[in-house]
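Here is what each chain is made of, one letter per residue.
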Amino acid sequence: MAKQPMLKFVTTSKEMPTKRTPDERREDFAEIYREYAAEKAQEQASRCSQCGVPYCQSHCPLHNNIPDWLMLTATGRLQEAYELSQSTNTFPEICGRICPQDRLCEGNCVIEQSGHGTVTIGAVEKYITDTAWEKGWVKVGAPLEERDQSVAIIGAGPGGLAAADNLRRAGLQVTVYDRYDRAGGLLTYGIPGFKLEKDVVMRRVEQLEAAGVQFVLNCTVGEDISFDAIRGKHDAVLIATGVYKSRDLGGKGADLNGIVKALDYLTASNRKSFGDEVEDFDSGRLDAKGKRVVVIGGGDTDMDCVRTAVRQGATSVKLLYRRDRDNMPGSQREVQNAEEEGVDFVWLTAPAGFEGTEKVEGVVVQKMRLGAPDLSGRRSPELIEGADYVEPADLVIKALGFEPEELPALWDVPELTVTRWGTIRCDHTTHATSLPGVYAVGDIVRGASLVVWAIRDGREAAQSILDYLAAPAAVAAE
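Residues numbered from 1 in each chain as written. Predicted model: local features only at pLDDT ≥ 70, side-chain atom pairs only at ≥ 80, totals over all residues. Heavy atoms only, no water.

Description of the confidence of the model for the protein chain
Going by this rule: Scored from 0 to 100, pLDDT reflects the predictor's confidence in each residue. Whether two residues touch is decided by their heavy atoms; if any such pair falls within 4.5 Å, the residues are in contact.
Overall, the predicted model of the protein chain reaches an average pLDDT of 90, with 91% of residues at or above 70. The low-confidence segment residues 1–22 (pLDDT under 50) makes 25 contacts with residues lying over four places distant or belonging to another chain. Segment residues 24–29: pLDDT under 50, and eight contacts once partners within four positions in sequence are set aside and those in other chains are kept.

Some thoughts on a nonpolar patch on the surface
Put simply, the rule is: Residues form patches when they are more than 30% accessible in relative terms and have no salt bridge. Like charges link within 9 Å. Nonpolar side chains (Val, Leu, Ile, Met, Phe, Trp, Tyr) link within 5 Å. A 1.4 Å probe and the Shrake-Rupley method give the accessible areas. Residues count as covered only by the protein chains that appear here. By definition, a salt bridge exists where a carboxyl oxygen of Asp or Glu is found within 4 Å of a side-chain nitrogen of Lys or Arg. Helix numbers and strand numbers start at the N terminus; a helix is a DSSP run of H or I with at least 4 residues, a strand a run of E with at least 2.
Nonpolar side chains collect at one region of the surface, where Val53, Tyr55 and Val110 lie side by side and expose about 250 Å² of accessible area between them. Positionally, Tyr55 belongs in helix 2 (residues 55–58).

Considerations on the pattern of salt bridges
The following threshold applies: Exposure classes here rest on a 1.4 Å probe applied to the protein chains alone. A residue is buried below 20% of its type maximum, exposed above 50%, and partly exposed in between.
Summed over the entire model, instances satisfying the criterion amount to 33 salt bridges. One salt bridge in this structure joins Arg271 and Asp181, with 3.1 Å as the shortest N-O distance. One end of the pair, Arg271, is in helix 12 (residues 262–273); the other, Asp181, is in the loop between strand 2 (173–177) and helix 9 (186–189), with 90 residues separating them in the sequence. On the accessibility criterion, Arg271 (19% relative accessible area) is buried.

Overview of the sheet that holds strand 4 (residues 236–239)
Condition: Two strands qualify as a pair provided that DSSP identifies no fewer than 2 bridges between them. Under this scheme, a helix contributes an axis fitted over its contacting stretch, all axes are lines through C-alpha atoms, and angles between N-to-C directions fall in the 0 to 180 degree range.
Spatially, the five strands line up as an open sheet ordered 3-2-1-4-16, and their pairing is parallel. Unpaired on one side and paired on the other, strand 3 (214–216) and strand 16 (438–440) mark the two borders of the sheet. Sheet twist, expressed as the mean angle between neighbouring strand axes with direction ignored, is 20°. Inspection of the sheet shows strand 4 paired to strand 16 by three bridges, in the parallel sense. Residue pairing across strands places Leu238 opposite Tyr439, the latter belonging to strand 16.

Considering helix 4 (residues 78–88)
Spelled out, the test is: By arc we mean the arc of the directions from the helix axis to the C-beta atoms, nothing more.
Those residues of helix 4 that fall on the buried side of the exposure criterion are Leu78, Ala81, Tyr82, Ser85 and Gln86. Angular distribution of buried residues about the axis of helix 4 spans 130°; they occupy a single face of the element.

Considerations on the sheet that holds strand 6 (residues 259–261)
Reading across the sheet, the five strands line up as 6-14-7-8-9 and stay open at both edges, with parallel pairing between neighbours. Among the strands making up the open sheet, the edge pair consists of strand 6 and strand 9 (344–347). Strand-to-strand twist of the sheet, defined as the mean angle between neighbouring strand axes without regard to direction, takes the value 25°. Across three bridges, the pairing between strand 6 and strand 14 (residues 395–399) is parallel. Counted as the bridge partner of Ile259 is Val396 from strand 14.

Some details on the packing of helix 12 against helix 14 (residues 300–311)
This is how it is decided: When describing relative orientation, an angle under 35 degrees is termed roughly parallel and one over 145 degrees roughly antiparallel, while 65 to 115 degrees is termed roughly perpendicular and anything else oblique. By convention the crossing between two helices is left-handed if the near helix lies anticlockwise of the far one by an angle smaller than a right angle, and right-handed if it lies clockwise. Under the scheme applied here, ten amino acids are nonpolar (Ala, Val, Leu, Ile, Met, Phe, Trp, Tyr, Cys and Pro), four are charged (Asp, Glu, Lys and Arg), and all others, including Gly, are polar.
Between helix 12 and helix 14, the least distance of the axes is 10 Å, while the angle of their chain directions is 50°. On the basis of the axis angle, helix 12 is oblique to helix 14. Regarding helix 12 and helix 14, the two cross each other, and that crossing is left-handed. Taking contact as the criterion, the partners of Ala262, Tyr265, Leu266 and Ser269 in helix 12 are, on helix 14, Thr301, Asp304, Cys305, Thr308 and Ala309. Residues belonging to the contact of helix 12 with helix 14 are distributed by class as follows: five nonpolar, three polar and one charged.

As for the packing of aromatic side chains
Formally: To pair, rings of Phe, Tyr and Trp, with the six-membered ring standing in for Trp, must have centres within 6.5 Å; the planes then decide the type, stacked if under 30 degrees apart, edge-to-face if over 60, and tilted in the middle. Lysine and arginine charges are scored as sitting over a ring when NZ or CZ, respectively, is within 6 Å of the ring centre and within 35 degrees of the ring normal.
Counted according to the given criterion, the structure contains six aromatic pairs. Relative to Trp411, the ring of Phe227 lies with its centre 5.1 Å away and its plane at 15°, an arrangement referred to as stacked. Here Phe227 is found in helix 11 (residues 227–233), whereas its partner Trp411 is found in the loop between helix 16 (407–410) and strand 16, with 184 residues between them in sequence. For the pair Phe227 and Trp411, one class covers both residues: buried. Measuring from ring centre to ring centre gives 6.1 Å for Tyr439 and Tyr468, while their planes differ by 65°; the resulting arrangement is edge-to-face. One end of the pair, Tyr439, is in strand 16; the other, Tyr468, is in helix 18 (residues 451–477), with 29 residues separating them in the sequence. An aromatic cluster is built from Tyr180, Tyr189, Tyr244 and Phe274, whose rings are joined through pairwise contacts. For the cation-ring pair, Arg179 lies above Tyr244, with the distance from its terminal atom to the ring centre recorded as 4.9 Å.

Things to note about the side chain of Arg204
Within the secondary structure layout, Arg204 lies in helix 10 (residues 198–211). Residue classification places Arg204 among the buried residues on the basis of a relative accessible area of 4%.

Things to note about the nonpolar core
Stated precisely, the cut-off is as follows: For this analysis, a nonpolar core means a set of buried residues of the types Ala, Val, Leu, Ile, Met, Phe, Trp, Tyr and Cys, connected via side-chain atoms within 4.5 Å.
Formed by 63 residues in total, the largest nonpolar core has its most connected members in Leu70, Ile153, Leu167 and Phe215. No other element matches the eight residues that helix 18 contributes to this core.

A closer look at the environment of Ser331
Formally: Any pair of N or O atoms that falls within 3.5 Å is considered a polar contact. Within protein, one atom must be able to donate a hydrogen and the other to accept it, and sequence-neighbouring residues count only if both atoms are side-chain atoms.
Secondary-structure assignment places Ser331 in the loop between strand 8 (316–321) and helix 15 (332–340). Looking at Ser331, the relative accessible area reads 5%, which means it is buried. Placed 251 residues apart in sequence, Ser331 and Glu80 show a C-alpha to C-alpha distance of 31 Å. Those residues in contact with Ser331 that lie beyond four places of it in its chain are Asp102, Arg103 and Asp300. Side-chain polar atoms of Ser331 contact the backbone nitrogen of Arg333, separated by 3.2 Å.

Notes on the packing of helix 3 (residues 66–74) against helix 4
In the contact formed by helix 3 and helix 4, the axes pass within 7 Å of each other and the chain directions differ by 165°. Between helix 3 and helix 4, the interaxial angle falls into the category roughly antiparallel. Pair helix 3 / helix 4 crosses with left-handed handedness. Listed contacts from helix 4 to Asp68, Trp69, Leu72 and Thr73 of helix 3 are Leu78, Glu80, Ala81, Leu84 and Ser85. Here the contact of helix 3 with helix 4 is built from residues that sort into five nonpolar, two polar and two charged.

Below is the structure:
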């Protein structure tokens, strides 16, 4: 193998002017990446031990055949590696970019467990799929034979799109309804472009359109069209709405200007990346430039918020989290990235209120300590009395997680059974709900979860829908 080109990290202003934007620096890296990616991917893939018990595969929600496509990559058989990866994962180039591999495949790599550093599975997955797009190996999933049965999918996020792909390949007529003006759900508007480039999502959407999937956008079910009307137009329905209702904060001053929801903040930023006019961003309300930013929470959405604020030119960015680093649910890799970019993590802290007159000027911070474990096994935070202080802030972003909307009430379908948490109750094997011919997948069933789980759900539900729609024909044949 030829000698691997050395990566040169430029840090001095003489070599790289400090005025260069993050996007410009990303382009510099892209040029370097193209030079060394093939050798790096082959080198990393060859490190796979081909162990008898592939924990990487068993800890992947999609059970991707990781050892085999690593072996194919190591021997230069990239097209075969891509085809094997695509056979179990509808969007491998997306998962390669945004999956928390440190908590899934890479974190359970045998080489990682033995202390020699994990095989960089996500980076290899991204590389082979990006190569497949460049080489034209990614084909439109047009069916060999058309069927007259139709399926409605409510929600154009990863679960809905994965199901749409599988159903369309089987010849069904598929219509996807979504509230936004672009398909992709949180892939489009919830995840920053520096983690998931928007053209990567859009080309998958365009491919589905080319295959014959119909998209009805800017359409809110329960307002623009009723759920009953959708059921009446289609032979089966898949609910893949995700969860968009933000958890809120109370306390003194919680309604001050400058306290915003994480999804509003991220959506505004992503819309600007598309070139949209965004009044709340242009007015400065959802722009962090020149502001002291405080983000409240501890999940992956929080990491997206703090890193976006850094790129927007915030004066300072701090994250308050009520537990310590070891008990944080977000990706540790993301935490490290954010720290390297200058984010200040203030562990064992929680907001007690906000200061300001009309606009927020500070967060009243309570110091915490960890006590006994709660029902989940994590140590519960306890308040330290008399240790409050005020953290100055011009922009406070609430990233406390998401809850399901009350779909039975919003859609006027009280017979749609939900759990006590408001998620849709369904069979976790078939994804069938309490309504005949209606299925549900993703976060609206699981609660806020990972993209890769939504993809798995979508693929499984698609097969259940195919079985359901084939049943009447089988009965008639008898």
